Amino acid sequence: MVELLAPAGNFISLRAVLENGADAVYFGLDDYNMRANAKNFSIDDLSDVSEMASQYGAKTYLCTNIILNERLASELESKLEKISSSDIDGLILSDIGLIEDTVSHGLEAHISVQENVTNSYTLKTLKKLGAKRAILSRELSLREITEITKKSPIETEIFIHGAICMAISGRCFLSYGLYGRSANCGDCLQPCRKNWTLTYEEGEDNVINFSDVEDETFIITGSDDGSYRTNFFSPKDMCMIEYIPQLMESGVASFKIEGRARSPDYGAMVTGIYREAIDSYENNPSQYNVKDEWMDELTSVFNRGFDTNFYFSTPFEVSEDNQSKYIKRDIGQVVNYYGRVKAAELRIWDDLKIGDKIIIQGQTTGSITHTIDSMQIEGKSVEKVDKNSNVAISMPTKVRKNDFVYKLVERNSND
């Protein structure tokens, strides 16, 4: 049975992915992980993370996957005893020098994609050092992954959904070169996602195709001012929902969703859909079908368009901005929840009407998406509520006081 591994950038995201079927969660520790700009967790939070995950029977993996200098390596080694006492299951390491210390503290050692593992010989060496699992390089094809996994003496893990970095397995110097903010130390400002212009001095063509694919999707286009525009630094997001059978047959132990810096509703939605897809295949492999609503829902949350990375060919399609169908607008807060009648009282600072889709998020609640089907003010049913009002809505799932309320608003061309 394959493990579904989901990201958590904070306690709300953690609850959201656990509620939606994650078998395991991965998360960052302040100063030691590749998402320094996410909220992350402190070392004192780890026992609470473990306790929450244990309620769902989920495993916990702590990311310590930046490139460690001498000071950081020494500091991290000194914290292993406290990390171990918090009942975290394992560490995701980018530095093989800490494998022995990690294992000696009773923790699983998982080797990060930053290590760029591309063959079974490396996996055999990692086994000797004590590693239990390695996240394989993002640059491998599915055929290569299957071949390597069959020969591997330890577990393998792959990414199946989320952002793709332009650099080899995430090792990039662009942010550091431009801003002095190192991606390899978790502080990437993602300049690759910006629009770029290119000065081209030779030839008179206004379209240059650097791709070997026939449809010429990957191009640089000329502008009236003589510059050239491209987004070749910024690949589309990975989406492998249509290829779950092929991935399952590869023998990989864990499917990983990227997205610790993304919102709790993103984690909830993506985790829930892949949970359903994996369960559907495992229950009846011969009858597996991709549901249209899976892709509809995946495109409803933040994405840059979808591709299959290197799994089947060299990726060439590019996109620059969020391609989701909706934007998320902060509209209110939960005042109270009445369990007997299954209703929530909201304080809203934007309008709300029957048929609107909302998201309610909180540390205990996680992330719940709900379509408004019943509203009341002072006991009277209403179809629409103006901003700066308190309103009761029918809410079958329990929410909590002070949970945040967002409304999904359909995106238009100006957003």
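Scroll up to find the structure.
Now for a look at the structure at hand. The numbers attached to residues start from 1 for each chain and follow its sequence in the written order. It should be noted that, the model being predicted, local features are given only for residues of pLDDT at least 70 and side-chain atom pairs only at 80 or more, the latter also being counted only at that level, while totals for whole chains, interfaces and linings use all residues. Note that the side-chain values use all heavy atoms of the structure and ignore hydrogens as well as water.

Let us look at the overall build of the chain. Across its full length, the chain holds 10 helices and 24 strands. Remark: exposure states derive from per-residue accessible area (1.4 Å probe, protein chains only) relative to the maximum for the residue type, with buried under 20%, exposed over 50%, and partly exposed in between. Counting every position in the chain, which comprises 415 residues, the buried fraction comes to 50%. We get accessible surface area from the Shrake-Rupley algorithm with a probe of 1.4 Å; when it comes to residues, only the shown protein chains can shield them. Carbon together with sulfur atoms contributes 45% to the accessible area of the chain, which is approximately 19,900 Å² in total. Every helix listed is a DSSP run of H or I at least four residues long, and every strand listed is a run of E at least two residues long, numbered separately from the N terminus.

In this section: the layout of surface pockets. The calculated volume of the second largest pocket comes to roughly 580 Å³. In the cavity and pocket records, a cavity denotes points on a 1 Å grid over the protein atoms alone where a 1.4 Å probe fits but cannot get out, a pocket denotes an open set with protein on both sides within 12 Å along at least 5 of 7 lines, and lining residues are residues with an atom within 4 Å of a point. Surrounding the second largest pocket, 27 residues form its lining, Asp265, Met269, Ser300, Val301 and Thr369 being those nearest its centre. Of all the secondary structure elements, the ones that give two or more residues to the lining of the second largest pocket are helix 9 (264–283), helix 10 (292–298), strand 15 (326–338), strand 18 (357–362) and strand 19 (366–371). Looking at which element gives the most residues to the lining of the second largest pocket, the answer is helix 9, with 7 residues. Among the residues making up the lining of the second largest pocket, the classes are represented as 11 nonpolar, 9 polar and 7 charged. Grid points are joined across faces, edges and corners, and a volume is the space filled by probe spheres set on the points. Here the nonpolar group is Ala, Val, Leu, Ile, Met, Phe, Trp, Tyr, Cys and Pro; Asp, Glu, Lys and Arg are the charged ones; every other residue, Gly included, is treated as polar.

Using the criterion set out here, one finds 2 cavities of 30 Å³ or more in the structure. By volume, the largest cavity is sized at about 60 Å³. Leu136, Ser137, Arg138, Leu140, Ile145, Ile158, Phe159, Met238, Asn309 and Tyr311 are the residues that line the largest cavity. Class assignment of the residues belonging to the lining of the largest cavity gives a composition of 7 nonpolar, 2 polar and 1 charged. In this structure, the second largest cavity is lined by Pro7, Ser13, Val17, Gly259, Arg262, Ser263, Pro264, Tyr266, Gly267 and Ala268. Elements represented by at least two residues in the lining of the second largest cavity include exactly helix 1 (11–19) and helix 9. Sorting elements by how many residues they give to the lining of the second largest cavity places helix 9 first, with 4 residues.

Side-chain direction in a regular strand flips from residue to residue, so the side chains alternate between the two faces of the sheet. Strand direction decides the pairing type here: strand 15 and strand 24 (residues 404–410), joined by 7 bridges, are antiparallel. Counterpart to Tyr326 in the pairing with strand 24 is Glu410. Here the rule is simple: two strands pair whenever DSSP picks up at least two bridges between them. Where strand 15 and strand 16 (residues 343–348) come together, 6 bridges link them in antiparallel fashion. When the sheet's bridge partners are listed, Gln333 is paired in strand 16 with Arg347. In this antiparallel pair of consecutive strands, strand 15 and strand 16, the connection spans 4 residues, and Lys342 shows a positive phi of 50°.

This paragraph deals with the environment of Pro285. Residue placement: Pro285 occurs in the loop between helix 9 and helix 10. For Pro285, a relative accessible area of 43% translates into the label partly exposed. When the C-alpha positions of Pro285 and Met248 are compared, they lie 9.8 Å apart, and in sequence the two are 37 residues distant.

Moving on, we come to the nonpolar core. Nonpolar side chains tend to gather and get buried jointly when the protein is soluble and globular. In terms of nonpolar packing, the biggest core is built from 81 residues, with Ile83 and Tyr274 touching the most fellow members. The criterion used for residue contact is that any of the two residues' heavy atoms lie within 4.5 Å. What Ile83 contacts, discounting residues up to four positions off in sequence, is Leu29, Ile43, Leu46, Leu62, Leu76, Ile88, Leu91 and Leu107. Counting residues in each nonpolar core, the second largest holds 18 residues, with Val334, Leu352, Ile358 and Val385 among its members. Note on terminology: a nonpolar core comprises buried Ala, Val, Leu, Ile, Met, Phe, Trp, Tyr and Cys residues joined through side-chain atoms within 4.5 Å.

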